[in-house]
Amino acid sequence: MEKIGKYNFIAGPFHCDMSQRLFMGYLVNDMLNAADFHSDEHGYGVTYMNSVHKAWVISRLAVEMIEMPPMYTKFHIETWVESAMRYFTNRNFSVVGNDGKVYGYGRFVWALIDTDTRQPADINAIMGDYMSQWLEKEKPCPIARSSRVKISEDAQLVRTLDTTYTDVDVNGHINSVKYIDHVLDLWNLEWYKNHTIRRVEVAYVSEGHQGDRLAMYLEQTGELEYSVRIMKVAPDTEEAVEACRCLVAFNNC
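Since we're looking at a predicted model, the values are computed, not measured. (Residues numbered from 1 in each chain as written. Predicted model: local features only at pLDDT ≥ 70, side-chain atom pairs only at ≥ 80, totals over all residues. Heavy atoms only, no water.)

Observations concerning a nonpolar patch on the surface
No. 1: A grouping of M85, Y87 and F88 is seen on the molecular surface, where their side chains present a nonpolar patch of about 250 Å² in accessible area.
No. 2: Along the chain, Y87 falls in the loop between β3 (74-84) and β4 (88-97).
No. 3: Y87 gets classed as partly exposed once you look at its relative accessible area, which sits at 30%. (Patch = residues over 30% accessible without salt bridge, like charges linked within 9 Å, V, L, I, M, F, W, Y side chains within 5 Å. Areas by Shrake-Rupley, 256 points an atom, 1.4 Å probe, with all protein chains shown as cover. Salt bridge = Lys/Arg side-chain N within 4 Å of Asp/Glu carboxyl O. Helix = DSSP H or I, 4+ residues; strand = E, 2+ residues; numbered from the N terminus. Buried < 20%, exposed > 50% of the residue type's maximum accessible area, 1.4 Å probe, protein only.)

Structural notes on unusual backbone geometry
No. 1: Of note in this structure, V149 is not a glycine but carries a positive phi near 65°.
No. 2: Structurally, V149 can be placed in the loop between α3 (123-127) and β6 (156-162).
No. 3: One non-glycine residue, L224, lies in positive phi territory at about 55°.
No. 4: With respect to the helices and strands, the residue L224 is situated in the loop between β8 (213-222) and β9 (225-233).

Details of the environment of M18
No. 1: Its place among the elements puts M18 in the loop between β1 (5-10) and α1 (24-41).
No. 2: For the pair M18 and I151, spaced 133 residues apart in sequence, the C-alpha separation works out to 30 Å.
No. 3: The residues touching M18, leaving out its near neighbours within four places in the chain, are L189 and K193. (Contact = heavy atoms within 4.5 Å.)

Details of the pairing of β1
No. 1: Here β1 shows a buried face lined by G5, Y7 and F9 and an unburied face lined by K6, N8 and I10.
No. 2: As paired strands, β1 and β3 are joined by six bridges and run antiparallel to one another. Paired with N8 across the two strands is H76, which belongs to β3. (Pairing = 2+ DSSP bridges.)

Re the packing of aromatic side chains
No. 1: With the rule as written, the count across this model stands at 12 aromatic pairs.
No. 2: Centroid distance W191 to F250: 5.3 Å. Interplanar angle 80°. Geometry classified as edge-to-face. In this pair, W191 sits in helix α5 (residues 189-194) while F250 sits in strand β10 (residues 240-252), placing the two residues 59 residues apart along the sequence.
No. 3: Among the aromatic residues, ring-to-ring pairing joins W187, W191, Y192, Y226 and F250 into one connected group. (Phe/Tyr/Trp six-rings, centres within 6.5 Å; stacked < 30°, edge-to-face > 60°.)

Points about the nonpolar core
No. 1: Ranked by internal contacts, the top residues of the largest apolar core, which has 60 residues, are M24, L27, I77, F108 and I230.
No. 2: Each residue touching I77, except ones within four places of it in the same chain, is listed here: G5, K6, Y7, F9, L27, D30, M31, A34, F93, S94 and V95. (Core = buried A, V, L, I, M, F, W, Y, C linked by side-chain atoms within 4.5 Å.)

Considerations on the layout of surface pockets
If a probe as big as a water molecule is rolled over the atoms, it shows which places are left empty.
No. 1: Of the volumes computed, that of the largest pocket is approximately 1,000 Å³.
No. 2: Every residue lining the largest pocket is counted, 42 residues in all, and those nearest its centre are W56, V57, I58, N171 and H173.
No. 3: Only α1, α2 (46-51), β2 (54-65), β4, β5 (102-114) and α4 (176-184) provide two or more residues apiece to the lining of the largest pocket.
No. 4: For the lining of the largest pocket, the class distribution of residues is 23 nonpolar, 13 polar and six charged.
No. 5: Its volume calculated, the second largest pocket comes out at about 720 Å³.
No. 6: Of all the elements in the fold, those that place two or more residues in the lining of the second largest pocket are α1, α4, α5 and β7 (195-204).
No. 7: Taken together, the residues that form the lining of the second largest pocket break down as 15 nonpolar, eight polar and eight charged. (1 Å grid on protein atoms, 1.4 Å probe; cavity = no way out; pocket = protein on both sides within 12 Å on 5 of 7 lines; lining within 4 Å. Points joined across faces, edges and corners; volume = space filled by probe spheres on them. Nonpolar A, V, L, I, M, F, W, Y, C, P; charged D, E, K, R; others polar.)

Observations regarding the pattern of salt bridges
No. 1: What the rule picks out here adds up to 15 salt bridges.
No. 2: One salt bridge in this structure joins E64 and R199, with 2.7 Å as the shortest N-O distance. Of this pair, E64 sits in strand β2 while R199 sits in strand β7, and the two are 135 residues apart along the sequence.
No. 3: E64 gets classed as partly exposed once you look at its relative accessible area, which sits at 22%.
No. 4: Here R86 makes a salt bridge to D122, at a shortest N to O gap of 2.9 Å. Remark: D122 occurs in the loop between β5 and α3 and R86 occurs in the loop between β3 and β4; sequence separation between them is 36 residues.
No. 5: Among the charged side chains, a network of salt bridges with common partners joins E153, R229, E242 and R245.

Encoded structure:
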């Protein structure tokens, strides 16, 4: 088994937007699949963790693209674990065309939780030092690490929406990619005709569940850079709790 996993994908036409390039959400899903393939091959993936009532969840992510793969492009995603601590691992990604062209990179921070208590689980208590032999510390990932995403109280409420069946993933909470999709929907088709997504960050704060109502607050934090705070309100309470914070940076076409 290799420390760096390499998995093949394709930018299928029904996973692309009107520019005939891969949707960001589908690319992040491909990254998640690559991470699962890699961790499962090494014995600490979803299959094993489910058997001991544990689950990997994303704490933070950053994806930075030079450009999105065009329709029908065959590409591969390389993934490797850079470091592992008591409660978190840092996993990196590169997106590379089969012709060698680099499209972008990703940095994800993963946490292990107990699926019975929904509390953080000690990775070392479950894995011992097993993961340390699979760490790849030398391969570079040349993008900035994910941040907490800064946003002020001046952010404006721009959209509210209900969560439904298709928002929920295998861990029983709102899927991490669904938050990205909902945030990117804040800009219309005309905007995307003139702008491309350069970087997306998400800092997850608390789990959302089906039936929660999401309130999205938007603030421009730089030139072509925006932060979004997503608050959740459960159906049996009126209390608003922060679910996550997102940053989206664009380039002009």
